[in-house]
Amino acid sequence: MNIKWKDGRKFALCLTHDVDRIKKQWYHYIYYGLKGDLINQKKSLFKRCKGIEPYNNFKDIMELEESLGVRSTFFFMDEKHKELDLNFWGRYKMDTPAVVEQIKELDRNGWEVGLHGSYYSFQDEEMLKSEKKLLESILMHDVVSVRQHHLNWNKNTWSYQKKCGLKYDSTVGSTKAVMRDGLQGPYYTKEGMLEFPISVMDKVFHRNFNETRSQTLLLLEETCKRGGIFVLDFHQCYLQEEYNPVLIFYKQFIKEAISMGAWIPTMKELGTFFEEDKNG
């Protein structure tokens, strides 16, 4: 790649967080406990009994990223659909007072808030448009970045996103493997969306932490050498002490990227950079 990165940086790292849940549900304690994580679940439940919500950790993430001098993009969703399926249990409404205040706090302190299109919005233009409009009514400005929940996509999704006024998508990716798409940089779809593929999602770490850690660091090195883009997708609910190895890795990964000469913009900043380069 031959990208002249901002301020002479060697490559770009885009930090993103999908906000699927902001409250840990009762079945999470049982599910993860039965999977062998009983000690952590007891600790988590004890904190919950003291009024500390494990998944409401936005302040902690902001303080961590602030200490490293970086900002990220948080994708918030508004899931109104109801089904007897785990994909719809324990969701939140974007316009509840606590969520509204959290969105505003992130925005006014320099973090980007993008749209996490709800489960079926990838195939429903009006649904996607309504969700974007709701988020914009909270932020009082345009929303330009999107990632579809569950990485759901079909041949019409980019068209729907574009018609809604969205500019930058980051839905292309995998929950099962580290992806190398970012080495080639972003690309414009025929619909005009600028796509930033996900390099690695936190769920891959849950399959095999040590192996994924090694692959992720190797990909970071290669991204630096090629001057590409690395898009990291870590759900905010995993960046807390219950998943301490993931939290520790996240901090170490950012430090390593900074030492290697990374530019770390929000997705909006990254998209704006490429648009200005294209038009300039």
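Calculation rules
Position labels on residues start from 1 in each chain and follow its written sequence. Side-chain atom pairs in this predicted model are given and counted only at pLDDT of 80 or more, local residue features only at pLDDT of at least 70, and totals for whole chains, interfaces and linings cover all residues. Only hydrogens and water are removed before side-chain values are computed, so all heavy atoms of the structure are retained for them. Each helix corresponds to a stretch of at least 4 residues labelled H or I by DSSP, and each strand to a stretch of at least 2 residues labelled E; elements are numbered beginning at the N terminus. Here the expected length of a helix is defined as 1.5 Å per residue gap, with one fewer gap than residues. Exposure classes here rest on a 1.4 Å probe applied to the protein chains alone. A residue is buried below 20% of its type maximum, exposed above 50%, and partly exposed in between. The contact definition used throughout considers only heavy atoms, calling two residues in contact when any of these lie within 4.5 Å. Polar contacts, as used here, are pairs of N or O atoms within 3.5 Å; protein pairs need one atom able to donate a hydrogen and one able to accept it. Residues neighboring in sequence count only if both atoms are side-chain atoms. Centre distance within 6.5 Å is the pairing criterion for rings of Phe, Tyr and Trp, where only the six-membered ring of Trp is used; planes under 30 degrees apart are then read as stacked, over 60 as edge-to-face, and the remainder as tilted. As a reminder, the over-ring test applies to NZ of lysine and CZ of arginine, requiring each to be within 6 Å of the ring centre and within 35 degrees of the ring normal. Interaxial angle, 0 to 180 degrees, is taken between N-to-C directions of lines fitted to C-alpha atoms, where a helix line uses only the stretch in contact. An angle below 35 degrees is read as roughly parallel, one above 145 as roughly antiparallel, one from 65 to 115 as roughly perpendicular, and any other as oblique. In this scheme, a crossing is called left-handed if the near helix is turned counterclockwise away from the far one by less than a right angle; it is called right-handed if the turn is clockwise. Gly falls in the polar group here, along with every residue not listed as nonpolar (Ala, Val, Leu, Ile, Met, Phe, Trp, Tyr, Cys, Pro) or charged (Asp, Glu, Lys, Arg).

(A) Structural view of helix α5 (residues 125-139). The terminal C-alpha atoms of α5, which comprises 15 residues, lie 21 Å apart, in line with the 21 Å expected from a rise of 1.5 Å per residue. Buried within α5 are the following residues: E125, L128, E131, K132, L134, L135, E136, I138 and L139. Of the surrounding elements, those touching the buried residues of α5 are α4 (97-108), β3 (112-117), β4 (145-148) and α6 (157-163). By the N-cap criterion, in which a side-chain oxygen at the helix start approaches the backbone nitrogen of a residue two or three places on, α5 is capped by D124, the distance to E126 being 3.2 Å.

(B) Region of the structure containing the packing of aromatic side chains. Applying the stated criterion to the full structure yields 20 aromatic pairs. Centre to centre, the rings of F249 and F253 are 5.5 Å apart; their planes meet at 40°, and the pair counts as tilted. With F249 and F253 both in helix α9 (residues 244-259) and four residues apart, this pair spans about one turn of that helix. By relative accessible area, F253 is classed as buried at 1%. Members of the aromatic cluster, each reached through a chain of ring pairs, are F205, F209, F230, F234, F249, Y250 and F253. The residue whose ring lies beneath R71 is W111, and the NZ or CZ to ring-centre distance is 3.9 Å.

(C) Representation of the packing of α4 against α5 in the model. Contact pair α4 / α5: the axes reach a minimum separation of 9 Å and the direction vectors enclose 65°. Relative to α5, α4 is oriented roughly perpendicular. When you trace α4 past α5, the crossing you get is right-handed. The segment α4 lies against α5, with V100, I103, K104 and D107 engaging L135, I138 and L139. A per-class count over the contact of α4 with α5 returns five nonpolar, no polar and two charged.

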